Amino acid sequence: MITISNQTARNFLVNYQNLNGNGNLKGSAGVTEYMNRVRCIQYDPLNVVGRNADLVLQSRVKNFTSEVLFDLLYKERSLYDAADKMIGIIPTADYPAMARIRQKTVEQLHGILTWRKSLAALDLLDEITDFIRENGPLPATKINIGENVDSGKWGHKKLSSAALDYLYHSGVLGISSKNKTHKVYDLSERLFPGEILNAPDPFKNEHDFAKWYLKRRIGAVGLVWNKNGGTWLGFYVSDSKFRSQLIRELVDEGELIEYQIEGSKEIFYIRKEDAGLIGKPVRNNVAQFIAPLDNLIWDRGMIQELFDFEYTWEVYTPAAKRKFGYYVLPVLYKNQFVARFEPEPCRGTAPLQIKTWWWEPDVKITDEMIAAIEDAFVRFSNFLGVEMMEEKYWKDKLGV
């Protein structure tokens, strides 16, 4: 068992996630390189100052804009939307390996449709597939086959929409494009090359897949512990007993390395191919604004353990019960969370507006830190396509 310091662990995570300000990832190629490392970022449709996936990438990839991700998804198709860690964005190269996740997802959807009294949607699958084959890419609003249905607050209002969702998760349909958050569906055979769609199952059995999938999930974060939390959401990895068995096998095979971190009683795991980053410092004077569902903070408990930073995404918390705000972004400085802030919704090219800024307790504010945060505001404004705030405004908001 290797023991490392808390600072070494935090440095590893910041460097692994490319939050260190090195500037080595740029534009489309930078997104591709990052995605090839982590294999999954989480998608969420809420857009206050950018959607979650865009916020993840803007903090890591120089000159990133949302158009870069859109092109990789819907023009180059080197990435695609898929069920993974919740709904995610993943490399198209993983499509053949993810067949078992698609199967598990449609099995789950069958139960959901039964519960929502929408099982009749499955009778429409062939008709809707043929309709799209004849008419080309279409959004759900342009397909009115079958009846309307009362499927509850979170369910589809049309059977055709429920059928589209089922066909999408099964792999029959893919997302041709998006109009804001609205999916435009087309046949997967028209979106992806045959060598991807017809590739054989790369795994001998389900157990081998599960080991690959768990190691892949570890790679999405970099360093993990084996406690239930956000990192372990989803099929194959959420069952703690099965997960522990897989981790033990991967450790015994040398695929994972165990670490103890000073100040924690838990055991942590890193993939063998990533261990070379252990011991490397965070050299740059850099601050980053972190997405609410960022890979770095998937496991809120682990982040609190290692960074002494407690964070809850309060969008679904009633306003009267929120501790901070509706859409709050953590602020990372080097390898420490030093603040968080709630931005006002950003529209047009007017400068970013800060609703509230909260410093973390006991943070020692320095000129170097303020300079790094100013640079982060400049980069964030460029990402949003808005003018930079006046210095007096943002310094007043920060209280400096």
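Scoring rules and cut-offs
Residues numbered from 1 in each chain as written. Predicted model: local features only at pLDDT ≥ 70, side-chain atom pairs only at ≥ 80, totals over all residues. Heavy atoms only, no water. Pairing = 2+ DSSP bridges. Helix = DSSP H or I, 4+ residues; strand = E, 2+ residues; numbered from the N terminus. Contact = heavy atoms within 4.5 Å. Axes fitted to C-alpha atoms, helices over the stretch in contact; angles between N-to-C directions. Buried < 20%, exposed > 50% of the residue type's maximum accessible area, 1.4 Å probe, protein only. Salt bridge = Lys/Arg side-chain N within 4 Å of Asp/Glu carboxyl O. Phe/Tyr/Trp six-rings, centres within 6.5 Å; stacked < 30°, edge-to-face > 60°. Lys NZ or Arg CZ within 6 Å of the ring centre and 35° of its normal. 1 Å grid on protein atoms, 1.4 Å probe; cavity = no way out; pocket = protein on both sides within 12 Å on 5 of 7 lines; lining within 4 Å. Points joined across faces, edges and corners; volume = space filled by probe spheres on them.

Draft legend 1. Main features of the sheet that holds strand E6 (residues 173-179). Strand order in the open sheet formed by three strands is E5-E7-E6, with antiparallel pairing between adjacent strands. Every other strand in the sheet has two partners, leaving strand E5 (138-139) and E6 as the edge strands with one partner each. Two elements, E6 and strand E7 (residues 182-187), share six bridges in a ladder whose sense is antiparallel. Its bridge partner being in E7, Leu 173 is matched across the sheet by Leu 187. Here helix H6 (residues 125-135) sits on the sheet and contacts E5, E6 and E7; the angle it forms with E7, its principal contact strand, is near 85°.

Draft legend 2. Main features of unusual backbone geometry. For Tyr 236, which is not a glycine, the phi torsion comes out positive at approximately 75°. Among the structural elements, Tyr 236 can be located in the loop between strand E8 (224-225) and helix H11 (240-252). On the basis of relative accessible area, Tyr 236 is assigned to the buried category, the value being 11%. The phi angle at Lys 334 is positive, at roughly 55°, despite the residue not being glycine. Relative to the elements of secondary structure, Lys 334 occurs in the loop between strand E12 (329-333) and strand E13 (336-343). With relative accessibility at 31%, the residue Lys 334 sits in the partly exposed group.

Draft legend 3. The pattern of salt bridges, seen in detail. One pass over the full model with this rule turns up 25 salt bridges. With its nearest N and O atoms 2.6 Å apart, the salt bridge here joins Asp 294 to Arg 60. Highlighted residues: Asp 294 in the loop between strand E11 (287-289) and helix H12 (300-307) and Arg 60 in the loop between helix H3 (52-58) and helix H4 (66-74), separated in sequence by 234 residues. Here Asp 294 matches Arg 60 in class, with each residue buried. Across the pair Lys 227 and Glu 266 runs a salt bridge, and its minimum N-O distance is 3.9 Å. Remark: Glu 266 occurs in the loop between strand E9 (256-261) and strand E10 (267-271) and Lys 227 occurs in the loop between E8 and H11; sequence separation between them is 39 residues. For Lys 227, a relative accessible area of 35% corresponds to the partly exposed category. Connected through salt bridges with shared partners, the residues Lys 215, Glu 255, Arg 271, Lys 272, Glu 273 and Asp 274 form a single ionic network.

Draft legend 4. Highlighting the packing of aromatic side chains. Applying the stated rule across the entire model yields 30 aromatic pairs. On the numbers, 5.5 Å between centres and 75° between planes, the contact of Phe 203 with Phe 209 is edge-to-face. With respect to class, Phe 203 is no different from Phe 209; both count as buried. Aromatic side chains Trp 313 and Tyr 316 sit 6.1 Å apart centroid to centroid with 80° between the ring planes, which places their arrangement in the edge-to-face category. Joined through ring pairs, the aromatic side chains of Phe 64, Phe 289, Phe 341, Trp 357, Trp 359, Phe 377, Phe 380, Phe 383 and Trp 394 make up one cluster. Residue placement shows Lys 227 over the ring face of Trp 225; its charged tip is 4.5 Å from the ring centre.

Draft legend 5. Broad picture of empty space enclosed by the protein. In the structure shown here, the tally under the stated rule is one cavity of 30 Å³ or more. A volume near 220 Å³ is recorded for the largest cavity. Forming the walls of the largest cavity are 21 residues, and the residues nearest its centre are Tyr 80, Asp 81, Ala 82, Tyr 95 and Tyr 168. Going through the elements one at a time, H4, strand E3 (79-84), helix H5 (99-115), helix H7 (159-170) and E6 are the ones with two or more residues in the lining of the largest cavity.

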